[in-house]
Amino acid sequence: MINKKMEKAINEQINWELYSSYMYFSMAAHFDSINLKGCSGWMRIQAMEELTHVKRFYDFLTARGGRVIFSEIKAPPVKWKTPLEVFEETLKHEQHVTTRINGLYDLAVELKDHATGSFLKWFIDEQVEEEESVDGVIQSLKLNENNPGGMFIIDKELSQRAFVAPADVTI
Ligand code: FEO
């Protein structure tokens, strides 16, 4: 049976992962509204990936005898000034998620909860990839800040991202 403190912390993380998905869908809608379909597609995939993170936490908590409790999800922003601002906010958000995951891991160590510590390792690795991929987009956007043709190419490149459902996450 999972420790109550850890159960509460995982439920808070589930809420945060749902908010992440909500925010990325909002960013996708923003990009759709300014006709940047590649950026929108990239964000839609980001939003779908966050839902798979929800599912990982959900399954883990349930398997450990915990109870998943959903709480209110705050509304995300709806508008940004530039594509660069959207991706900078994405990076800031992911850095915050990394801090949260590290906090969960610290709690697992404090509680001597080895199963949760082991489970969280997937997320620790995932955050490295998440931050790296967003940072790559930011670098491209910065290089093309005063080049409208560059934005067209970046949008095309981002449209190549494909959603791959993780084999170990089932419905
Ligand atoms: Fe669920 Fe983007 O971290």
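The structure we're discussing is the one just above.
Presented here is an overview of the structure given in this document. Since this is a predicted model, take the numbers as computed values, not measurements.

Scoring rules and cut-offs
Residues numbered from 1 in each chain as written. Predicted model: local features only at pLDDT ≥ 70, side-chain atom pairs only at ≥ 80, totals over all residues. Heavy atoms only, no water. Helix = DSSP H or I, 4+ residues; strand = E, 2+ residues; numbered from the N terminus. Contact = heavy atoms within 4.5 Å. 1 Å grid on protein atoms, 1.4 Å probe; cavity = no way out; pocket = protein on both sides within 12 Å on 5 of 7 lines; lining within 4 Å. Points joined across faces, edges and corners; volume = space filled by probe spheres on them. Nonpolar A, V, L, I, M, F, W, Y, C, P; charged D, E, K, R; others polar. Axes fitted to C-alpha atoms, helices over the stretch in contact; angles between N-to-C directions. Parallel < 35°, antiparallel > 145°, perpendicular 65-115°, else oblique. Salt bridge = Lys/Arg side-chain N within 4 Å of Asp/Glu carboxyl O. Buried < 20%, exposed > 50% of the residue type's maximum accessible area, 1.4 Å probe, protein only.

## A short note on unusual backbone geometry
Step number 1: Positive phi, normally seen in glycine, also occurs at N35, with a value near 65°.
Step number 2: Relative to the elements of secondary structure, N35 occurs in the loop between α1 (4–33) and α2 (37–63).

## Some words on the environment of D32
Step number 1: Tracing the sequence through the fold places D32 in helix α1.
Step number 2: In this structure D32 touches K37, S40 and R44, once residues within four positions along its chain are discounted.

## Concerning the layout of surface pockets
Step number 1: By volume, the largest pocket is sized at about 160 Å³.
Step number 2: Taken together, T82, P83, L84, L141, N144, E145, N147, M151 and I154 make up the lining of the largest pocket.
Step number 3: Taken together, the elements giving at least two residues each to the lining of the largest pocket come down to α3 (83–110) and α5 (148–158).
Step number 4: Tallied by class, residues from the lining of the largest pocket come to five nonpolar, three polar and one charged.

## Here we look at the packing of α2 against helix α4 (residues 114–143)
Step number 1: Between α2 and α4, the shortest axis-to-axis distance is 12 Å and the interhelical angle comes to 170°. In terms of orientation, α2 and α4 fall into the roughly antiparallel class. Seen from α2, the contacting residues are W42, Q46, E49, E50, H53, R56, F57 and F60; seen from α4, they are A115, T116, F119, L120, W122, F123, E126, E130, S133, V134 and V137.
Step number 2: Counted by class, the contact of α2 with α4 contains 10 nonpolar, four polar and five charged residues.

## Side note on the pattern of salt bridges
Step number 1: One pass over the full model with this rule turns up 11 salt bridges.
Step number 2: The residue R56 makes a salt bridge to D168 at a minimum N-O spacing of 2.8 Å. Note that R56 is positioned in helix α2 and D168 in the segment after α5, a separation of 112 residues in sequence.
Step number 3: For D113, the salt bridge goes to R64, with nearest N and O atoms at 3.2 Å. Of the two residues, D113 sits in the loop between α3 and α4 while R64 sits in the loop between α2 and α3, which places them 49 residues apart along the sequence.
Step number 4: With relative accessibility at 8%, the residue D113 sits in the buried group.

## Notes on the side chain of N15
Step number 1: Relative to the helices and strands, N15 resides in helix α1.
Step number 2: The class of N15 is buried, set by a relative accessible area of 16%.
Step number 3: Setting aside residues no more than four positions away along its own chain, N15 makes contact with S71, E72 and I73.

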